[in-house]
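# Coordinates in review
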Amino acid sequence: MFLSCLKATELIEKKLHFKLSYSEKIQLKVHKMMCDACTKYEKQSDIIDKTLFDSNKKEEPAIDINSFKENILSKLEETK
């Protein structure tokens, strides 16, 4: 059975988060052998997923609250 591009993209997205069944893997592989658009979509989807995952791992820099408050107060005093 040949997959439509819509079904192939669903499997590509599913593959990012879950394990595909053996038949789903075969169907997707056969479809991508004949469809350049879905092959490119899979590569783009992988890049987006990795980028989002990596950006979530980065920690926010620690801010010294007291020096931050002092800096704001001094700038407010300068504007008076």
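See above for the structure.
Notes on the structure follow. All values derive from a computational prediction rather than experimental measurement. Here, residues in each chain are numbered from 1, in the same order as that chain's written sequence. Selection of residues for local features in this predicted model requires a pLDDT of at least 70, selection of side-chain atom pairs for listing and counting requires 80 or more, and totals for whole chains, interfaces and linings are taken over all residues. Working from all heavy atoms in the structure, the side-chain values ignore hydrogens and water.

### Thoughts on a nonpolar patch on the surface
- Judged by side-chain polarity, Phe2, Tyr22, Ile26, Val30, Met33 and Met34 come together as a nonpolar surface patch covering roughly 700 Å² of accessible area.
- Counting from the N terminus, the helices are DSSP H or I runs at least four residues long and the strands are E runs at least two residues long. Tracing the sequence through the fold places Phe2 in the segment before helix H1 (5-17).
- Note on Phe2: relative accessible area 52%, which makes it exposed. Nonpolar side chains (Val, Leu, Ile, Met, Phe, Trp, Tyr) are joined into patches within 5 Å and like charges within 9 Å, using only residues with over 30% relative accessible area and no salt bridge. Computed with a 1.4 Å probe, the accessible areas rest on the Shrake-Rupley method; for each residue, only the protein chains presented here act as cover. By definition here, a salt bridge exists when the distance from a side-chain nitrogen of Lys or Arg to a carboxyl oxygen of Asp or Glu is within 4 Å. Here the term buried applies to any residue with accessible area under 20% of the maximum for its type, exposed to any over 50%, and partly exposed to those in between, with areas from a 1.4 Å probe on protein chains only.

### Some points on the pattern of salt bridges
- Counted by the stated rule, this structure contains four salt bridges.
- Across the pair Lys14 and Glu24 runs a salt bridge, and its minimum N-O distance is 2.9 Å. One end of the pair, Lys14, is in helix H1; the other, Glu24, is in helix H2 (residues 22-34), with ten residues separating them in the sequence.
- Residue classification places Lys14 among the partly exposed residues on the basis of a relative accessible area of 31%.
- Each of the salt bridges in this network shares a partner with another, and the network as a whole consists of Lys15, Lys32 and Glu42.

### Considering the side chain of Ser45
- In this fold, Ser45 is placed in helix H3 (residues 36-57).
- Any two residues whose heavy atoms approach within 4.5 Å at even a single point are treated as in contact. If we ignore the near neighbours within four places in the chain, the residues touching Ser45 are Ile12, Glu13 and Leu16.

### Quick word on the packing of H1 against H2
- Two elements in contact, H1 and H2, have axes whose closest approach is 10 Å; the angle formed by their N-to-C orientations is 125°. The angle between H1 and H2 places the two elements in the oblique class. Of the two elements, H1 crosses H2, and the hand of that crossing is left-handed. Where H1 abuts H2, its residues Cys5, Ala8, Leu11, Ile12, Lys14 and Lys15 lie against Glu24, Leu28, His31 and Lys32.
- Lys, Arg, Asp and Glu make up the charged group, whereas Ala, Val, Leu, Ile, Met, Phe, Trp, Tyr, Cys and Pro make up the nonpolar group; the residues left over, Gly among them, are polar. Among the residues forming the contact of H1 with H2, the class breakdown is five nonpolar, one polar and four charged. Note on geometry: axes are lines fitted to C-alpha atoms, helical ones only across the stretch in contact, with angles between N-to-C directions running from 0 to 180 degrees. An angle counts as roughly parallel when it lies under 35 degrees, as roughly antiparallel when it exceeds 145, as roughly perpendicular when it falls between 65 and 115, and as oblique in every other case. By convention the crossing between two helices is left-handed if the near helix lies anticlockwise of the far one by an angle smaller than a right angle, and right-handed if it lies clockwise.

### Observations concerning the side chain of His31
- Mapped onto the elements, His31 comes out in helix H2.
- Setting aside residues up to four positions removed in sequence, His31 forms contacts with Phe2, Leu3, Ser4, Cys5, Ala8 and Cys38.

### Some thoughts on the environment of Lys29
- Following the sequence through the fold, Lys29 ends up in helix H2.
- For Lys29, a relative accessible area of 54% gives the class exposed.
- Separated by ten residues in sequence, Lys29 and Thr39 have C-alpha atoms that sit 9.4 Å apart.

### Regarding the state of the cysteines
- Here, two cysteine sulfur atoms that lie within 2.5 Å of each other are counted as a disulfide. Across all of its chains, the model carries zero disulfides by this definition.
- As a non-bridged cysteine, Cys5 has Cys35 as the owner of its nearest cysteine sulfur, 3.7 Å distant.
- Looking at the unpaired Cys38, the closest cysteine sulfur is the one in Cys35, lying at 3.6 Å.
- Among the residues examined, Cys38 registers a relative accessible area of 3% and is labelled buried.

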